[in-house]
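# Geometric and topological summary
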Amino acid sequence: IPLLLIASTFTFFVSYLVVMTRPLAMQAHGFSASAISTVVAISGLVNLPLPFVMGWWSDRAGRRVALMVTYALPTLGAVLLIPANLFWYFALAQALISVANISLPIGSALITDLVEPGRLSVTLARWSASMWIGAVAGFVGGGIVTQAFGLSMSFVVGAVMAALSVLLVVRTFPRRSPLFTQAMRRVAPGA
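Residues numbered from 1 in each chain as written. Predicted model: local features only at pLDDT ≥ 70, side-chain atom pairs only at ≥ 80, totals over all residues. Heavy atoms only, no water.

### Details of the overall build of the protein
This is how it is decided: Helix and strand labels come from DSSP, where a helix needs a run of H or I of at least four residues and a strand needs a run of E of at least two; each type is numbered from the N terminus. We call a residue buried when its accessible area falls under 20% of the maximum for its residue type, exposed when it is over 50%, and partly exposed in between, using a 1.4 Å probe and counting protein chains only.
The helix and strand inventory of the protein stands at nine helices and zero strands. The order of helices and strands in the protein, counted from the N terminus, is α-α-α-α-α-α-α-α-α. In terms of principal-axis extent, the alpha carbons of the protein reach across some 55 × 30 × 25 Å. Residue burial in the protein is summarised as follows: out of 191 residues, 46% are buried.

### Observations concerning a nonpolar patch on the surface
Rules: What goes into a patch is any residue over 30% in relative accessible area without a salt bridge, connected to like charges within 9 Å or, for nonpolar side chains (Val, Leu, Ile, Met, Phe, Trp, Tyr), within 5 Å. Only the protein chains shown count as cover for residues, and all accessible areas are computed by the Shrake-Rupley method using a 1.4 Å probe. We count a salt bridge whenever a side-chain nitrogen from Lys or Arg sits within 4 Å of a carboxyl oxygen from Asp or Glu.
The grouping of Val 79, Ile 82, Phe 149, Met 153, Val 156, Val 160, Leu 164 and Leu 167 at the surface amounts to a nonpolar patch, some 680 Å² of accessible area in total. Top element by residues in the nonpolar patch is helix α8 (residues 151-172). It accounts for five residues. The residue Leu 164 is located in helix α8 in this model.

### Points about the pattern of salt bridges
Tallied over the full model, the rule gives three salt bridges. Notably, a salt bridge pairs Arg 63 with Asp 59, separated by 2.8 Å at the nearest N-O pair. On the basis of relative accessible area, Arg 63 is assigned to the buried category, the value being 15%. Classification of Asp 59 by relative accessible area gives partly exposed; the value is 45%. With its nearest N and O atoms 3.1 Å apart, the salt bridge here joins Glu 116 to Arg 119. Residue classification places Glu 116 among the partly exposed positions, given a relative accessible area of 38%.

### Considering the nonpolar core
Put simply, the test is: In plain words, nonpolar cores are sets of buried Ala, Val, Leu, Ile, Met, Phe, Trp, Tyr and Cys residues tied together by side-chain atoms within 4.5 Å. Contact criterion: two residues are considered in contact whenever any of their non-hydrogen atoms come within 4.5 Å of each other.
Among the nonpolar cores identified, the biggest contains 26 residues, and Ile 1, Leu 4, Leu 67, Tyr 71, Trp 127 and Val 169 are the most heavily contacted of them. For this core, the secondary-structure elements that each account for two or more residues are α1 (2-28), α4 (63-81), α6 (103-114), α7 (117-149) and α8. Beyond its immediate chain neighbours, meaning those up to four positions away, Val 169 contacts Leu 4, Ala 7, Arg 64, Leu 67, Met 68 and Tyr 71. Ala 25, Ile 36, Leu 80 and Leu 96 belong to the second largest nonpolar core, which has 23 residues in total.

### What about the packing of α4 against helix α5 (residues 87-97)?
Formally: Comment: axis = line fitted to C-alpha atoms, over the contacting stretch for helices; angle = value between 0 and 180 degrees taken between N-to-C directions. The scheme is simple: roughly parallel for angles under 35 degrees, roughly antiparallel for over 145, roughly perpendicular for 65 to 115, oblique for anything else. Crossing handedness is read from the near helix: turned anticlockwise from the far helix by less than a right angle, it gives a left-handed crossing, and turned clockwise, a right-handed one. Just so you know the grouping, Ala, Val, Leu, Ile, Met, Phe, Trp, Tyr, Cys and Pro go in nonpolar, Asp, Glu, Lys and Arg go in charged, and all remaining residues, Gly too, go in polar.
Two elements in contact, α4 and α5, have axes whose closest approach is 7 Å; the angle formed by their N-to-C orientations is 155°. Taken together, α4 and α5 sit at an angle that is classed as roughly antiparallel. For the crossing formed where α4 meets α5, the hand is left-handed. Contacts between α4 and α5 involve Leu 73, Pro 74, Leu 76, Gly 77, Ala 78, Leu 80 and Leu 81 from the former and Tyr 89, Phe 90, Leu 92, Ala 93, Leu 96 and Ile 97 from the latter. Tallied by class, the residues present in the contact of α4 with α5 amount to twelve nonpolar, one polar and no charged.

Structural measurements only, silent on function.
Quick look at the structure:
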């Protein structure tokens, strides 16, 4: 579970780093304030049905796989921001990065599957806090990296952090680990 908490923190680090740096990058490319806010509106519309779809899909494909997808898509979004100079790059990247928000309920369900009832409330509280820890670190880290190395490097750092979150989820559940087997028995008792 500690690696899952770190992975969540890394993912929200990226999400909030982009919340701060994407508008700066768009402004540097001459986009208007309305274009900058339209990107957020587009990503919100694209992601509106995703919690329902991903919740349904995580029940069928497995929470681990769904969590990895909600961490991999922000990685792709951060990579797209590195060369971004057109509106659609920024809109697609923001839509992919905002998928990170769906990881909270999926992760909560995964933790509920894995943690015994006596430790569940504390573990879920830590899980929820990982978002805010990532947010603070993303704003601070994004500001430091952007000031020292520029906007492109902040997107590179974001892509690396998001990729690390995927690797941490993979590392948490090696295919044949006892924890993975136990989780699969809880999710699919007959398997």
